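These are the residues of each chain, in order.
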Amino acid sequence: MKKILIIFCLLLSFSISSQREITLKEAIKIAQKNSPDYKTVLNQNQASYWRFRNYEAGFLPQLRLDATIPQYLNSVNRITNDSGEDIFVRSNQSRIDGMLSLNQNIALTGGTVSFSSQLERVEVFGDNSSTGFAIVPFSINYSQNSLFYNQFKWDKEIEPMLYEEAKRELIENMEQISLNTAIRYFALLKAQVQTKSSITNLSNQDTLFLISKGRFKMGKIAENDLLQIELSVLNSKNELTTNEINLKRTSQNLSRYLSTDTEDFLLNVPEELSTFTVTVEKALEEAKANRKAVIEFRRRRLEAERNVAEVKGSNRIQLSLNANFGISQQGNVFNNLFQDYNQQQNVSLSLGIPILDWGVSKSKRKLVEANKDLVNTNVEQDEQEFEQEIYLHVLNWQNQRNFLETAKKAQEIAIKRYEITKKRFVLGKITITDLNLALQEKDKSVLQYLNSLENFWLDYYTLRKLTLYDFINNKKIEVEDIIYN
């Protein structure tokens, strides 16, 4: 057994020497550049960015060319002549036309104004071949689908909110990556500490077993005590095997999350943070100024109001407007088209009034109004939960450092007690039961300290995520390394 432990310790020492040493802050920095979560966050943010760019571009002038080049037609078509009779006429011709237009959405009114120029050429083939031209040098057109609902006005209010939400969500997700990394980091750290402790415990138990066998031969201890110490050796072997499996699993989890080419990490126990005070008032103030949820609450209410306005604007009286003014000319000679223009203008106002709809309009209006009330109620509840979450977490954070100090002191006492108990067992002054109890309390206190340290750091990163504020450096958390390609 001694030889096996010596070989195992040598292999462990060689493995440790080849391990990559890393701290919690270094792991977080790597995860915020390489982790799968970061790549997902970056893609989501880029999608939000281009959506906002698309919205902004919608209010810029759009230059467009529409053309048919060419269209050839050779067929027999049925037409109605001036006498009201249907006759069949062969058509053998080609047509080329093009229109260049400049379109601009008007946010103030909700309509679209267009400036366009159009040219058309028709060539007829056959015995009576001819060529004709038509031109519209200038035409201005204004169209609006509804005079009572302005979609552009609502977009002007809602789309910037969505983009601001996306920017804040990016920062929150980056803080979530810190939290996810810390969880994996401490899982591996605890596995490493427990594995190392299991190796030490097995070595100590094996040594004590050899001593106990000598005492048994001398008749100083009963066979029951010898069997109990042998059972402790076997339990230590099983515990070591279990911890080794857990060590491998947690190493792979951290390696995959950091997207590194190695699973051999040597983790350092994070130091405690410098003392700083967080008040509920300060945490709420920063959360309301920085969090995505605050803008989301306003946006959800605004979207509910927009839905009501849309139904009311088109549910009772439907009015749409279309107006056009321009000049045109046509003829068989292209050079004669640019003189003595003809005026063209038209204005149409479409009206639609539901006279008898059996309550359809009313039901639509009542439905969106009920949905608006439901949204307002849900938002009020979400706002209360938002504030409560921060309030409870700040209270928990204020006690977390005390928990950590207590666990640290308990660990020191348990380790010292175990060393004393082990010496007394070697001297034959206590039983194996007392030694095993001290060993269990020592291992338990070490794990409890690591759990307290983990909770301390997880609560710290949760506090950052809930407020998007760095309380150590007293500044708002920002991400400036996002590049849009």
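Look above for the structure.
Below, the structure is looked at part by part. (Residues numbered from 1 in each chain as written. Predicted model: local features only at pLDDT ≥ 70, side-chain atom pairs only at ≥ 80, totals over all residues. Heavy atoms only, no water.)

1. Details of the sheet that holds strand 3 (residues 86–106)
Here we have six strands laid out as an open sheet, ordered 2-3-4-5-7-8, and antiparallel in their pairing. Strands with a single pairing partner mark the edges of an open sheet, and in this sheet they are strand 2 (62–80) and strand 8 (342–352). Between one strand and the next, the sheet's axes are offset by a mean angle of 20°, whatever the strand orientation. Direction of pairing for strand 4 (residues 111–124) relative to strand 5 (residues 130–144): antiparallel, over a ladder of twelve bridges. Each residue of the ladder has a partner; that of Ser114, found in strand 5, is Asn141. (Pairing = 2+ DSSP bridges. Helix = DSSP H or I, 4+ residues; strand = E, 2+ residues; numbered from the N terminus. Axes fitted to C-alpha atoms, helices over the stretch in contact; angles between N-to-C directions.)

2. Overview of the side chain of Ser114
Assignment of secondary structure puts Ser114 in strand 4. A polar contact is formed between the side chain of Ser114 and the side chain of Asn103, at a distance of 2.7 Å. The residues touching Ser114, leaving out its near neighbours within four places in the chain, are Leu102, Asn103, Ser139, Ile140 and Asn141. (Polar contact = N/O pair within 3.5 Å; in protein donor to acceptor, adjacent residues only side chain to side chain. Contact = heavy atoms within 4.5 Å.)

3. Examining the pattern of salt bridges
On inspection of all chains with the given rule, the structure shows 23 salt bridges. Notably, a salt bridge pairs Arg51 with Glu159, separated by 3.0 Å at the nearest N-O pair. Pair noted here: Arg51 is in helix 3 (residues 36–57) and Glu159 is in helix 4 (residues 151–217), with a separation of 108 residues, a long-range link. According to the relative accessible area criterion, Arg51 is partly exposed, its value standing at 46%. For Glu159, a relative accessible area of 12% corresponds to the buried category. With its nearest N and O atoms 3.4 Å apart, the salt bridge here joins Lys167 to Glu164. With Lys167 and Glu164 both in helix 4 and three residues apart, this pair spans about one turn of that helix. Overall, the relative accessible area of 35% leaves Lys167 in the partly exposed class. (Salt bridge = Lys/Arg side-chain N within 4 Å of Asp/Glu carboxyl O. Buried < 20%, exposed > 50% of the residue type's maximum accessible area, 1.4 Å probe, protein only.)

4. A closer look at the environment of Phe338
Looking at the secondary structure, you find Phe338 in the loop between strand 7 (318–331) and strand 8. Residues Phe338 and Gly428 lie 90 residues apart in sequence; the distance between their C-alpha atoms is 120 Å.

5. Quick look at a nonpolar patch on the surface
Taken together, the side chains of Leu147, Phe148, Ile317, Leu349, Leu351, Ile353, Ile355, Leu356 and Trp358 define a hydrophobic patch exposed on the protein surface, amounting to about 1100 Å² of accessible area. Structurally, Ile317 is set in the loop between helix 7 (292–315) and strand 7. Relative accessible area serves as the criterion here: at 36%, Ile317 is assigned to the partly exposed category. (Patch = residues over 30% accessible without salt bridge, like charges linked within 9 Å, V, L, I, M, F, W, Y side chains within 5 Å. Areas by Shrake-Rupley, 256 points an atom, 1.4 Å probe, with all protein chains shown as cover.)

6. Some thoughts on the packing of helix 4 against helix 7
Two numbers describe a pair of packed helices, the interaxial angle and the distance between the axes. Look at helix 4 against helix 7: their axes get within 9 Å of each other, and the N-to-C directions meet at 155°. Overall, the two elements helix 4 and helix 7 adopt an arrangement that is roughly antiparallel. Helix 4 and helix 7 meet at a crossing whose hand is left-handed. Counted together, Trp154, Glu157, Ile158, Met161, Leu162, Glu164, Glu165, Arg168, Glu169 and Glu172 of helix 4 and Lys292, Ala293, Ile295, Glu296, Arg298, Arg299, Leu302, Glu303, Glu305, Arg306 and Ala309 of helix 7 form the full contact between these two elements. By residue class, the composition of the contact of helix 4 with helix 7 is eight nonpolar, no polar and 13 charged. (Parallel < 35°, antiparallel > 145°, perpendicular 65-115°, else oblique. Left-handed = near helix turned anticlockwise from the far one by under 90°. Nonpolar A, V, L, I, M, F, W, Y, C, P; charged D, E, K, R; others polar.)

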